[in-house]
Amino acid sequence: MAFVLFNTLTGKKEEFVPLEPGRVKMYVCGITVYDLCHIGHARSAIVFDVIYRFLLSQGYQVCYVRNFTDIDDKILGRAAAEGVDFRTIADRFIRAFHEDMEGLGLLPPTMEPLATEHIPEMIEVIEKLVEKGIAYQAGTDVYFSVERFSSYGKLSGRALEDMVAGARVEVDENKSNPMDFVLWKGSKPGEPAWQSPWGPGRPGWHIECSAMARKYLGATIDIHGGGKDLVFPHHENEIAQAEAAFGQPFARYWIHNGFVNINNEKMSKSLGNFITIRDVLGCMHPESLRLFVISKHYRSPVDFCDETVGEAERGLERLYATVETALEKTAKDAETDYPEDILKREDGELYEKARSLPAMIAEAMNNDFNTAQAIGYIFVLQRNLQRFLDKFGRKSLKGPSARLAAMAADLLLKHCRLMGLLIEEPAVFFDRQRKLKLPTTGMSEQQLYELIELRRKARAEKNFPEADRIRKELEAKRIQLEDSPEGTKWRVSLQPLEG
RNA sequence: GGCGGCAUACCCAAGUGGCAAGGGAGCGGUCUGCAAAACCGUUAUACAGCGGUUCAAAUCCGCUUGCCGCCUCCA
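Conventions adopted
- Residues numbered from 1 in each chain as written.
- Chains lettered and ligands numbered in written order.
- Predicted model: local features only at pLDDT ≥ 70, side-chain atom pairs only at ≥ 80, totals over all residues.
- Heavy atoms only, no water.
- Pairing = 2+ DSSP bridges.
- Helix = DSSP H or I, 4+ residues; strand = E, 2+ residues; numbered from the N terminus.
- Axes fitted to C-alpha atoms, helices over the stretch in contact; angles between N-to-C directions.
- Near = heavy atom within 4 Å.
- Polar contact = N/O pair within 3.5 Å; in protein donor to acceptor, adjacent residues only side chain to side chain.
- Nonpolar A, V, L, I, M, F, W, Y, C, P; charged D, E, K, R; others polar.
- Parallel < 35°, antiparallel > 145°, perpendicular 65-115°, else oblique.
- Left-handed = near helix turned anticlockwise from the far one by under 90°.
- Contact = heavy atoms within 4.5 Å.
- pLDDT = per-residue confidence, 0-100.
- Buried < 20%, exposed > 50% of the residue type's maximum accessible area, 1.4 Å probe, protein only.
- Lys, Arg positive; Asp, Glu negative; His and termini not counted.
- Salt bridge = Lys/Arg side-chain N within 4 Å of Asp/Glu carboxyl O.
- Core = buried A, V, L, I, M, F, W, Y, C linked by side-chain atoms within 4.5 Å.

Draft legend 1. Structural detail: the sheet that holds strand S8 (residues 201-203). An order of S5-S6-S7-S8 is seen for the four strands of this open sheet, with the pairing classed as antiparallel. The sheet is open, and its two edges are formed by strand S5 (135-138) and S8, each paired on a single side. Taken over all neighbouring pairs, the strand axes of this sheet differ in orientation by 25 degrees on average, direction set aside. Where strand S7 (residues 181-186) lies against S8, three bridges are found, and the strand directions are antiparallel. Residue pairing for S8: Gly 186 is matched across the bridge by Gly 201.

Draft legend 2. Representation of the protein's contact with RNA strand B in the model. Inspection of the region around RNA strand B gives 56 residues, with Lys 74, Trp 205, Gly 227, Lys 296 and Asp 390 positioned closest. The sugar-phosphate portion of RNA strand B accounts for 71% of its atoms within 4 Å of the protein, the bases making up the rest. Between RNA strand B and Arg 455 there is a distance of 3.2 Å, counted from a base oxygen to a side-chain nitrogen or oxygen. Arg 471 is positioned such that a nitrogen or oxygen atom in its side chain is 2.9 Å from a base nitrogen of RNA strand B. With ten residues, helix H13 (residues 371-390) is the single largest residue contributor to the surface near RNA strand B. Broken down by class, the residue content of the surface near RNA strand B amounts to 13 nonpolar, 21 polar and 22 charged.

Draft legend 3. View of the packing of helix H10 (residues 306-330) against H13. The N-to-C vectors of H10 and H13 enclose an angle of 45 degrees; their axes lie 10 Å apart at closest approach. Judged by the inter-axis angle, H10 sits oblique to H13. Our pair here, H10 against H13, has a crossing hand that is left-handed. Between H10 and H13, the contacting residues are Gly 315, Arg 318, Leu 319, Thr 322, Thr 325, Ala 326 and Lys 329 on the first element and Ile 378, Phe 379, Gln 382, Leu 385, Gln 386 and Leu 389 on the second. A breakdown of the residues in the contact of H10 with H13 according to their chemical character gives six nonpolar, five polar and two charged.

Draft legend 4. Summary view of the sheet that holds strand S3 (residues 23-32). Here we have four strands laid out as an open sheet, ordered S4-S3-S9-S10, and parallel in their pairing. In this open sheet, the two edge strands, each paired with only one partner strand, are strand S4 (61-69) and strand S10 (251-257). Strand-to-strand twist of the sheet, defined as the mean angle between neighbouring strand axes without regard to direction, takes the value 20 degrees. Two elements, strand S9 (residues 221-227) and S10, share six bridges in a ladder whose sense is parallel. The residue of S10 that forms the bridge with Ile 223 is Tyr 253. Its contacts with the sheet put helix H1 (residues 39-57) on S3, S4, S9 and S10, and the angle it makes with S3 is roughly 170 degrees.

Draft legend 5. Main features of the confidence of the model for chain A. On average, residues of chain A score 93 in pLDDT, and 97% of them are at 70 or above. Interface confidence for the predicted complex, given as ipTM, is 0.95, next to a pTM of 0.96.

Draft legend 6. Quick peek at the side chain of Glu 287. By the secondary structure assignment, Glu 287 is in helix H9 (residues 286-294). The side chain of Glu 287 sits in the buried core without any salt bridge; Arg 432 is the nearest counter-charge, 6.5 Å away. At a separation of 3.1 Å, a polar atom in the side chain of Glu 287 contacts the main-chain amide nitrogen of Ile 423. Setting aside anything within four residues of it in sequence, one finds Glu 287 in contact with Leu 316, Tyr 320, Gly 420, Leu 421, Leu 422, Ile 423 and Glu 424.

Draft legend 7. Representation of the nonpolar core in the model. By size, the foremost hydrophobic cluster in this structure holds 97 residues, and its most contacted members are Leu 55, Ile 223, Leu 289, Phe 304, Phe 369, Leu 385 and Leu 422. If you tally residues by element for this core, the top one is H1, at eleven residues. Beyond its immediate sequence surroundings of up to four residues, Ile 223 is in contact with Leu 5, Phe 16, Val 24, Lys 25, Met 26, Tyr 27, Leu 55, Tyr 253 and Ile 255. Core analysis: the second largest hydrophobic core is formed by 44 residues, Leu 129, Cys 209, Ile 239 and Ala 244 among them.

Draft legend 8. Expanded view of the environment of Lys 437. Its location among the elements puts Lys 437 in helix H15 (residues 426-437). Note on Lys 437: relative accessible area 8%, which makes it buried. Residues Lys 437 and Glu 346, spaced 91 residues apart in sequence, show a C-alpha to C-alpha distance of 39 Å. If we ignore the near neighbours within four places in the chain, the residues touching Lys 437 are Cys 283, Met 284, Glu 313, Val 492 and Leu 494.

Draft legend 9. Focus on the pairing of strand S1 (residues 4-7). When S1 meets strand S2 (residues 12-15), the two strands line up antiparallel, connected through four bridges. Note that in S2 the partner of Leu 5 across the bridge is Glu 14. Counting the residues in the hairpin turn of S1 and S2 gives four residues, including Gly 11, whose phi is positive at 70 degrees.

Draft legend 10. Structural context of the pattern of salt bridges. Enumeration according to the criterion identifies 38 salt bridges in this entry. Glu 20 is the partner of Lys 25 in a salt bridge, and the nearest nitrogen-oxygen pair spans 3.5 Å. Exposure remark for Lys 25: the relative accessible area of 14% places this residue in the buried category. For Lys 215, the salt bridge is made with Glu 121, and the minimal N-O distance between the two is 2.9 Å. Placement of Lys 215 in helix H6 (residues 207-217) and of Glu 121 in helix H4 (residues 119-131) is noted, with a sequence separation of 94 residues between them. Members of the salt-bridge network, linked through shared partners, are Asp 73, Lys 185, Lys 188, Glu 191 and Arg 202.

Spelled out as structure tokens, the structure:
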């Protein structure tokens, strides 16, 4: 089956064919390190992590580069505000970014180059553009002349005339066309500066990606990605610089992820509805956030609110619970293999759903990374497996039934892990989930265990009114008790409280 | 003003020419001392509206309405 992805450049789904067979060169725009990352960054990071994992699973050798913009006005602004060096700010937020990405459970990219470590490479590109007469010096700055690059606007699908007509462009006397953008910015006294043929200064924003992508991935890269907001001007300008300088296509497939809204509002600092990754991870399992993100197609906007996030959390718990039960009940007798017809006789539907899962998931992912559809298939198998397990009550499975359940659980686990889900041991997950959620109930672990013990005694004496009173007391704090032969377990209910 | 996207059940969400995936919530049931979880059953003659193409349309084309994004730093 063909592997197709939506290419922003053409506005269509296209079959993916890498430049070199078996190898993929992918560049994803990283962040400007001047503040903590928010859940919009998390979505982008998760989306490209899933893409990266998928490409690897398909046997591609992937070189995945994600840069840091570590010199920029916003970094300088923050440094000035705190009275520290720009490097202090940049390093602080690079560290924070790595903590966040690790917290989210992302595979590290192949490389994470820093803009400031590639100044010579950027100067080289700018010099080339100046030589060709496409860039010009004005005062202490160097600008890219958009009129000299005939296909300017091809990525964002807009014509130069249209942009100029309606754009609110600040008046800059140095520019010969208002749409021209800066390649090199002369430094003011006291600002960080690097030597260049145009005097001391620092690079413009867009040039770093063109220079670093070329250095690490070559003149033409396979996949270039980032958030939708980067289409214009950032990626448009990257194309202009790189293609004007080197005369070769810059990137073949452009992938852009949609935004995260919060309670149906655009997330923005002025609205005060920014949620940082670390805030979210303080009260939610990273895989819950991941399931939330990949339950919707990556190009659509997604709304982050209690209800949609809660659904993801409950779904993840159910997946873990089914896998846990399956592993427990089949632990003793899962190894022996049986012929197909024997397994089918145990549960024909479960057998079929399990066997067809790899092809179904592959088909979904091959179709522009349709993770939402893939997740749908995952839940179909989960329900079939859970139903099968339930038939046995509390008994362990043996022989062909154990083999069938183990096979289904393995496939479920394998394909969840392909998308970065169900990475933890179920017991570890549930323990972590309890620890994350307990603080939201206002009850300490010790208080809780005292009440559970009181209730145990009451039940032992058949004092059910007292036992139920304790259950109700805890339920009012969203702590749900679950009695089982092994004792009473507890978890924090993800169900919103009535009223 | 220019460019683009979206509109599927109470909610979230796949599907993009051939009987409308999946999840959540609700309701009924099984299980349970009572619960919870889980499972079973149930929930769109129908995909914003109108018109067209087709043997066949949620899916293609046109128009209308309503939302949203980008055009300025931004994932």
